[in-house]
Amino acid sequence: MKLGDGVEQAVHCVLVLSGLSKDGVLSAAAMAEFHGVSPSYLLKHLQALAGAGLLESVPGPKGGYRLAKAVDRITLLDIVVAVEGPEPAFRCSEIRQRGPSPVASHFFKTPCAVNAAMLKAERAYRAELKKVTVADLGTDAGSPLGKAINARTCAFFHLNERNRTST
């Protein structure tokens with residue numbers, strides 16, 4: 001199974017947005033620049049996340065995006081479904097009923113064993129994604145990687161965060 005690039009971009013944008021101040025927002029263009037991705041492609045995914053109720057879209061020249069839910073209420077499955085859609089990755093087309101001399105149709109009342117196995121794997125995959133929240137994905141702020149990520153993100157927020165709450 002291969003998930004589109006939009007899933008990775010969406011997860012990382014949600015992670016970045018989780019660090020905003022209470023009233024802060026980030027534009028799609030700023031997030032695209034931060035991640036080095038296509039603004040139009042990213043915007044499509046941000047709109048899907050907003051449509052799914054995971055992000056809030058704030059209109060206007062000082063607008064942008066922010067989380068619509070707490071980080072402990074947004075799962076990886078929520079993000080994948082928002083970006084990729086709710087359909088299973090495997091879709092059985094009943095290939096066993098095509099071609100010359102197919103077996104009689106009364107044999108096809110039960111699901112194909114291939115379809116059953118693939119759907120079982122899909123349920124397991126989705127169950128695992130549902131267990132992981134955005135809150136679970138944070139980097140240890142005291143580690144060298146955590147410090148580097150925090151420094152990069154803080155500098156980015158300083159330049160790009162809109163509607164920042166004064167503290």
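Let me sum up the structure you'll find in this document. Predicted model only: the values in this text are computed from it and were never measured. (Residues numbered from 1 in each chain as written. Predicted model: local features only at pLDDT ≥ 70, side-chain atom pairs only at ≥ 80, totals over all residues. Heavy atoms only, no water.)

## Some details on the packing of aromatic side chains
Applied cut-off: Under the pairing criterion, centres of Phe, Tyr and Trp rings, with the six-membered ring standing for Trp, must be within 6.5 Å; the plane angle then separates stacked pairs below 30 degrees from edge-to-face pairs above 60, leaving the rest tilted. For each residue, the accessible area found with a 1.4 Å probe, counting protein chains only, is set against the maximum for its type, and the residue is called buried under 20%, exposed over 50%, and partly exposed in between.
Enumeration according to the criterion identifies 2 aromatic pairs in this entry. Taking 6.1 Å as the distance between ring centres and 40° as the angle between the ring planes, the aromatic pair formed by Phe156 and Phe157 counts as tilted. The residues Phe156 and Phe157 share a single accessibility class, namely buried. An aromatic cluster is defined as three or more aromatic residues linked by ring pairs; in this entry it consists of Phe34, Phe156 and Phe157.

## Considerations on the packing of helix H1 (residues 5-17) against helix H2 (residues 28-35)
The condition is simple: To define axes, lines are fitted to C-alpha atoms, for helices over the stretch in contact only, and angles between the resulting N-to-C directions are given on a 0 to 180 degree scale. Secondary structure counts use DSSP, requiring at least four H or I residues in a row for a helix and at least two E residues in a row for a strand, with both numbered from the N terminus. Throughout this description, any angle smaller than 35 degrees is read as roughly parallel, any larger than 145 degrees as roughly antiparallel, any in the 65 to 115 degree range as roughly perpendicular, and the remainder as oblique. Whether a crossing is left-handed or right-handed is set by the direction in which the near helix is turned from the far one by less than a right angle, anticlockwise for left-handed and clockwise for right-handed. In what follows, residue pairs with any heavy atoms lying within 4.5 Å of each other are defined as contacts. We call Asp, Glu, Lys and Arg charged. Ala, Val, Leu, Ile, Met, Phe, Trp, Tyr, Cys and Pro are nonpolar, and the rest, Gly among them, are polar.
Running from amino to carboxyl end, H1 crosses H2 at an angle of 110°, the nearest separation of the two axes being 11 Å. Relative to H2, the element H1 lies roughly perpendicular. The element H1 and its partner H2 pack so that their crossing is right-handed. Counted together, His12, Cys13, Val16 and Leu17 of H1 and Met31, Phe34 and His35 of H2 form the full contact between these two elements. In terms of residue class, the contact of H1 with H2 is made up of 5 nonpolar, 2 polar and no charged.

## Focus: the nonpolar core
What tends to happen in soluble globular proteins is that the nonpolar side chains get buried as a cluster. Put simply, the rule is: Only buried residues count toward a nonpolar core. Its members are Ala, Val, Leu, Ile, Met, Phe, Trp, Tyr and Cys residues joined through side-chain atoms within 4.5 Å.
Core analysis: the largest hydrophobic core is formed by 32 residues, its most contacted members being Leu46, Leu49 and Ile79. Here this core gets 7 residues from one element, more than from any other, and that element is H1. Ile79 has contacts with Val7, Ala10, Val11, Val14, Leu49, Leu54, Ile74 and Val134, leaving out every residue within four places of it along the chain.

## Observations regarding the side chain of Arg66
Put simply, the test is: Within 3.5 Å is the distance limit for a polar contact, defined as a pair of N or O atoms, with the added protein rule that one can donate a hydrogen and the other accept it, and that residues adjacent in sequence qualify only through two side-chain atoms.
Checked against the element boundaries, Arg66 lands in strand E2 (residues 64-67). Here Asp23 takes part through its backbone oxygen, which lies 3.0 Å from a polar atom of the side chain of Arg66. Dropping the residues within four chain positions of it, Arg66 is found in contact with Leu17, Leu20, Lys22, Asp23, Gly24, Val25, Leu55, Glu56 and Val58.

## Points about the pairing of E2
Condition: Criterion used throughout: strands pair if DSSP finds at least two bridges between them.
The pairing of strand E1 (residues 55-58) with E2 spans 4 bridges and is antiparallel. Bridge pairing in E2 places Val58 opposite Gly64.

## Here's the deal with the state of the cysteines
What makes a disulfide is a covalent bond joining the sulfur atoms belonging to two cysteines. What counts is decided by this rule: Criterion for a disulfide: a pair of cysteine sulfur atoms within 2.5 Å.
Under the definition given, this model contains 0 disulfides. This cysteine, Cys13, is not joined by any disulfide, and Cys154 carries the nearest cysteine sulfur, 17 Å off. Take Cys13: its relative accessible area is 1%, and that puts it in the buried class.

## Looking at the pattern of salt bridges
Definition in use: When a carboxyl oxygen of Asp or Glu is within 4 Å of a side-chain nitrogen of Lys or Arg, the pair counts as a salt bridge.
Under the defined criterion, the tally for this structure stands at 5 salt bridges. When the shortest N-O distance is used, the salt bridge between Asp23 and Lys22 registers 3.8 Å. Residue classification places Asp23 among the partly exposed residues on the basis of a relative accessible area of 33%. Given a relative accessible area of 71%, Lys22 falls into the exposed group. Here Glu122 and Arg126 are joined by a salt bridge, their closest N and O atoms 2.7 Å apart. Here Glu122 and its partner Arg126 are both found in helix H5 (residues 113-131), 4 residues apart, which amounts to about one turn of the helix. The class for Glu122 is buried, based on a relative accessible area of 9%.

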